[in-house]
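Coordinate inspection notes
So you can see what is in the structure, the chains are spelled out below.
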Amino acid sequence: MDRMNFLSFLLLCLTSVANGNKANKHKPWIETEYQGIVMENDNTVLLNPPLFALDKDAPLHYAGEICGFRVHNGPSGSGSVQFEAVVLDRSTGEGLVRSKEPLDCESQREHSFTIQAYDCGEGPDGVNSKKSHKATVHVRVNDVNEFSPVFVERRYEASVPEGRLFDRIVRVEALDADCSPQYSQICFYDIITPNVPFAIDNDGNIKNTEPLDSKHQRVHTFWVTAFDCGKNRAQADAQVVVTVKPSCKPGWIGWTKRVEYTPGSGSIPLFPSLHLETCEETVWNIQATVELQTGHIGKGCDRDSYSDRSVRRLCGAVRGEVDLLPPPSPAANWTSALPTLPSSDSSLVFSFNGSNHVAVVPDSVVSALSGDHFTLQLWMRRGGASIQPATTQTRGNRKDEETIVCSTVKNDDSFSHYSLSVHGCRLSLFYWPDVSAARPVKFLWKLEQVCDSEWHHLSLSVQFPSVTLYVDGVTFDPALIHDNGAIPNPAPRQRMFIGACWEPEEKQKEILNNTIPEAKDSVKYVGGYHGLLSGVTVRPGSVEPHSVVECLYACREGLDFGDLETLGSGMKVHVNPSQSVLVLEGDDIESFNRAVQQVTYRNSLRFATPGVRPLKLTTSLRCFNEESCLSLKQLEGYLVVLQPDAPQISLSGVGPHLARPAPEFEGPRGVPLFPELRIVCSLSHAVNTAAQGMEGGALMSDAVAHTLDGCEVQPLGEELNPEREELLVDMDVVRERGLEIINTTAYIAITGAESISVYEDVLRSVRYRLAKGSARFERRFRLSCSEMNGRYTSNELTLEVNFLHSLDSLYHPSHLLASQQQFLHPSHHAGELSGHTLPNPHRNSVVPGAATVIIMVCVGFLVVMVILGVFRIRSIHRRGEGARGGAKEGSSQWDDSALTIIVNPMESYESRMGICAENEGEGEEDEEVAESPDDASDDQRIIIKKEGRDGNARRY
């Protein structure tokens, strides 16, 4: 037992001794964070606070001493490779952090890592050493001014206009590769070239110190340098070149005030070299408006010059229209009280003053306009300088509507009513399908064309309940439709007014109840129209298709854009329906300039109306700085449409004389006047012959296909006597071609636009017929044709018709008496002998009527003349030729006139008449002619002077 207690005590003592020799009880301690600085190109890191490791086991040997520091990776995973930590004093725990290699600030300016201290343990071998916690170390590399500034560009160029001071002409820029703000920033720039009118600020902005003059010096060249904040100068200086431009004036450059257009050229650019100069002002929106004024050309613009009926035929329009404002005539007298104005296109223009100028269409015309399908067409111009207003109110501020057409027509078993009115800039159609049952409907359009005081064509197609409006060939849908059910019903009475409407029946009854006297048939007008109207027509039945309406009334001239595919991005083009205004809008100046040069003028008419069309260009700019934004003035010019090459319409193929036996004229079909007529239309234009080695110029004539619109055959002198003579035309041919004809005693006129070949066929069918027993000596006719509504006319072809009478008629006393009366009383038949022709010697069956009279006289004196001739021959042998020369001369003169009288008003017939006279003289008096050869030439013609109907002396 005692032994066991002893062993336990011994073990406890050994354990106490062992525990008494263990000395390293505590871990080293360091700061939790350190901030370090190291100079670029150095390796010693200066820490704040300094690096010291403490151990509570001090001053024990080993256990209280610091043996070293360990460096670990930082948050970024780097730093331990480049840095190390060493112990300077083991007893105090002082340490030093340093880089293994010199650091570069430009590569990495800051480094982070962790550090840990450990003691020496319990012995020299470092057994049982302890580690401190890990502390974070942030090391910043201080920069050294090792780099100099470098310019971004070695050469800077700029252009400025002369005569102005600029805040900045150009900006130079230099960079420094140092990492710190102290050495990487450029502190100032300097111009090292002396005596230049420029200055530079610390930001590198160069400005001029005085206005520059391009004439004195066009280009300025100088050098600049840069300094960083460490006063290092740039490695290489930069060159600056400033070019002085002549003074810049913002606006359009290349504007041509006069632009010429040759008819037939198609489309031509109006501004081929125009471009906008903004003088470097920054703009973000450009808008240009080109306006072509054509209101003074015809009815608003250049259209086909043919008559309305001819244009309708050419466009394929349906016939059957009724003219509500026809020219005043006995058959159409309801327009006789309306004042008319001259028109450039030969159409009839009626003026309405808004009060008493009203046309009341008769019932006979209105009765043909029944039905709820119809087309109303008219030319309209509100106001006008030639019209005196009925009130003191202006046209745009009138309170009452102005009625253009007001109509109530009878259908099968009901009445329908409609009225077309204008109010300000609104056009309205009030339509009542059945005045006794249906409710009225009002269609409204808001149109600028209604109130711009210009000519416009309106075409209203009604297929109730569908209504279509065309203005100058462009479709417009109603802006609003009202159901006016509360309006009192119109009276079921058929009537139509142009220029106003009648007062409702209820108001008239109220006036009568108030005992205001009125005439029994008087009608009070309301809603008078103030303006001009022309070509008001209504055509019942199916409406015209859009293509026909566009062909009829669309303008043939206007503005256009050349090629939309070349339009740049961001560009917009807008053209109004009449093509008189074109608007361009864009944001890029270069694209805008290209677009302006694509604006063209087109005129599809071969014979365009010559004259001046004013041209305007208005430009609006929007800039980022609205206060200093440019303002461009409006440019004005004019487009001159030159006189087109006039077509030459030539009528030929008909001789100046037409001689036929009289019985042919008395036949049922008469004699054709122009059987071989030829019509040729050609254009003469100048040809440059210099290229062909010829001097001067020449005119070249080209045959072209034309459309005639009228020809006229007119008898010269007296008008046709319906009882004795008439002109006949093949009406089947006329109707087949859709032409119109007016046949009177004074002329026969064929009208309508058709080809030349059609007119040739119609004119070749014109025949002249005489009644039996209506013998004449001659009749003259004149033929002429025209096109473009009489704008161009042909030559006047004159034809003289001669009537050849049979020899048998000489033995009829009645015929002889009539012929003698005509011969003895020439004053009653002036001009009838002017075309007399003697018979051909080879055709003894017929002789002219005048020759018949002469032969009858000669037969009466034949015996006397033969005896006298024999007596003269014998007298010549008995006496000298000179003693009886005078007697023989007088006798020969009478004999020659008796046998060789020639009625010779035309020189072309003199030779033929002379031959006939010589043949006749040789057959009857060979000796007489042989005896007096000298007198024959003088006695070939007898000159008779007598006054015709024109008062001029005629020659036979």
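All residue numbers refer to position in the chain's written sequence, counted from 1. In keeping with the predicted nature of the model, local features appear solely for residues at pLDDT of at least 70, side-chain atom pairs appear and are counted solely at 80 or more, and the whole-chain, interface and lining totals rest on all residues. Excluded from the side-chain calculation are hydrogens and water; included are all heavy atoms of the structure.

An unreviewed UniProt entry lists the protein under the name Calsyntenin-3, with Seriola lalandi dorsalis given as the organism. Quoted straight from UniProt, the Sequence similarities (unreviewed entry) entry for the protein says "Belongs to the calsyntenin family." UniProt positions are given in the numbering used here, feature names are shortened, and annotations may be inferred rather than shown by experiment.

Quick word on the sheet that holds strand β42 (residues 599-603)
Overall, antiparallel pairing links the 3 strands, which are arranged β19-β42-β39 in an open sheet. Every interior strand has two partners, whereas the edge strands, β19 (267-269) and β39 (557-561), have only one. Sheet twist, expressed as the mean angle between neighbouring strand axes with direction ignored, is 30°. Bridge analysis of β19 against β42 gives 3 bridges, and the strand direction is antiparallel. Across the sheet, residue Ser267 finds its bridge partner in β42, namely Arg602. Pairing between strands is defined by DSSP: at least two bridges between the two strands are required. Under the scheme used here, helices are H or I runs from DSSP no shorter than 4 residues and strands are E runs no shorter than 2 residues, and both carry numbers assigned from the N terminus. To obtain an axis, a line is fitted to C-alpha atoms, over the contacting stretch when the element is a helix, and the angle between two such axes runs from 0 to 180 degrees between their N-to-C directions.

Digging into unusual backbone geometry
Only a minority of non-glycine residues have a phi that is not negative, and only a minority of peptide bonds are not trans. Note the cis peptide between Asn48 and Pro49, where omega equals 0°. Looking at where Pro49 falls in the secondary structure, it is placed in the loop between β2 (44-48) and β3 (66-73). With a phi angle near 60°, Ser453 is a residue other than glycine that sits in the positive phi range. Tracing the backbone through its elements, the reader meets Ser453 in the loop between β30 (441-446) and β31 (456-463). Within the chain, Asp472 stands out as a residue other than glycine whose phi angle is a positive 55°. Take Asp472: it is sitting in the loop between β32 (466-471) and β33 (474-476). Exposure remark for Asp472: the relative accessible area of 9% places this residue in the buried category. The cut-offs for exposure are 20% and 50% of the maximum accessible area for each residue type, with area from a 1.4 Å probe on protein chains only; residues under the lower value are buried, those over the upper are exposed, and the others partly exposed.

As for the nonpolar core
Among the nonpolar cores identified, the biggest contains 44 residues, and Leu376, Trp445, Ile498 and Leu533 are the most heavily contacted of them. With 4 residues, the single largest contributor to this core is strand β26 (residues 373-382). Throughout, a contact is declared for two residues whenever any of their heavy atoms are within 4.5 Å. Not counting residues up to four positions away in its chain, the partners in contact with Trp445 are Cys425, Arg426, Leu427, Leu429, Leu460, Val467, Leu469, Phe476, Asp477, Pro478 and Ala479. Formed by 37 residues, the second largest nonpolar core is a distinct cluster that contains Leu677, Leu720, Val758 and Phe803. The criterion is simple. A nonpolar core is a set of buried Ala, Val, Leu, Ile, Met, Phe, Trp, Tyr and Cys residues joined through side-chain atoms within 4.5 Å.

Here's the deal with the state of the cysteines
The bond known as a disulfide is covalent and runs between the sulfur atoms of two cysteines. Cysteine sulfur atoms that come within 2.5 Å of each other are treated as a disulfide pair. Overall, the coordinates contain 6 disulfides when judged by the stated rule. A sulfur-sulfur separation of 1.7 Å characterises the disulfide bridge that pairs Cys67 with Cys120. Residues Cys67 and Cys120 share a disulfide whose torsion about the S-S bond is about 125°; that sign makes it right-handed. Linking Cys67 in strand β3 with Cys120 in the loop between β6 (110-119) and β7 (135-142), this pair joins segments that are 53 residues apart in sequence. By relative accessible area, Cys67 is classed as partly exposed at 30%. Taking the relative accessible area as the measure of exposure, Cys120 reaches 2% and is therefore buried.

Side note on the pairing of β30
Counting buried residues along β30, 5 of its 6 residues qualify, which places the element largely inside the surrounding structure. Where strand β29 (residues 426-432) lies against β30, 6 bridges are found, and the strand directions are antiparallel. Within the sheet, the bridge partner assigned to Arg426 lies in β30 and is Lys446.

Re the packing of aromatic side chains
Pairs were defined over the aromatic rings of Phe, Tyr and Trp, the Trp ring being its six-membered one, requiring ring centres within 6.5 Å. Orientation was assigned from the angle between planes: stacked under 30 degrees, edge-to-face over 60, tilted for the rest. For the structure shown, the criterion picks out 20 aromatic pairs. Between Phe374 and Tyr418 the ring centres are 4.8 Å apart and the planes differ by 25°, which places this aromatic pair in the stacked class. Here Phe374 is found in strand β26, whereas its partner Tyr418 is found in strand β28 (residues 415-423), with 44 residues between them in sequence. Measuring from ring centre to ring centre gives 5.3 Å for Phe607 and Tyr792, while their planes differ by 55°; the resulting arrangement is tilted. Here Phe607, found in the loop between β42 and β43 (611-623), pairs with Tyr792, found in strand β56 (residues 792-793); they are 185 residues apart in sequence, far enough to count as distant. Across this residue pair, the class does not change: Phe607 and Tyr792 are buried. Arg70 extends its terminal NZ or CZ atom over the ring of Tyr118, reaching a point 4.1 Å from the ring centre. Note on criteria: charge over ring means Lys NZ or Arg CZ within 6 Å of the ring centre, with the direction from the centre no more than 35 degrees off the ring normal.

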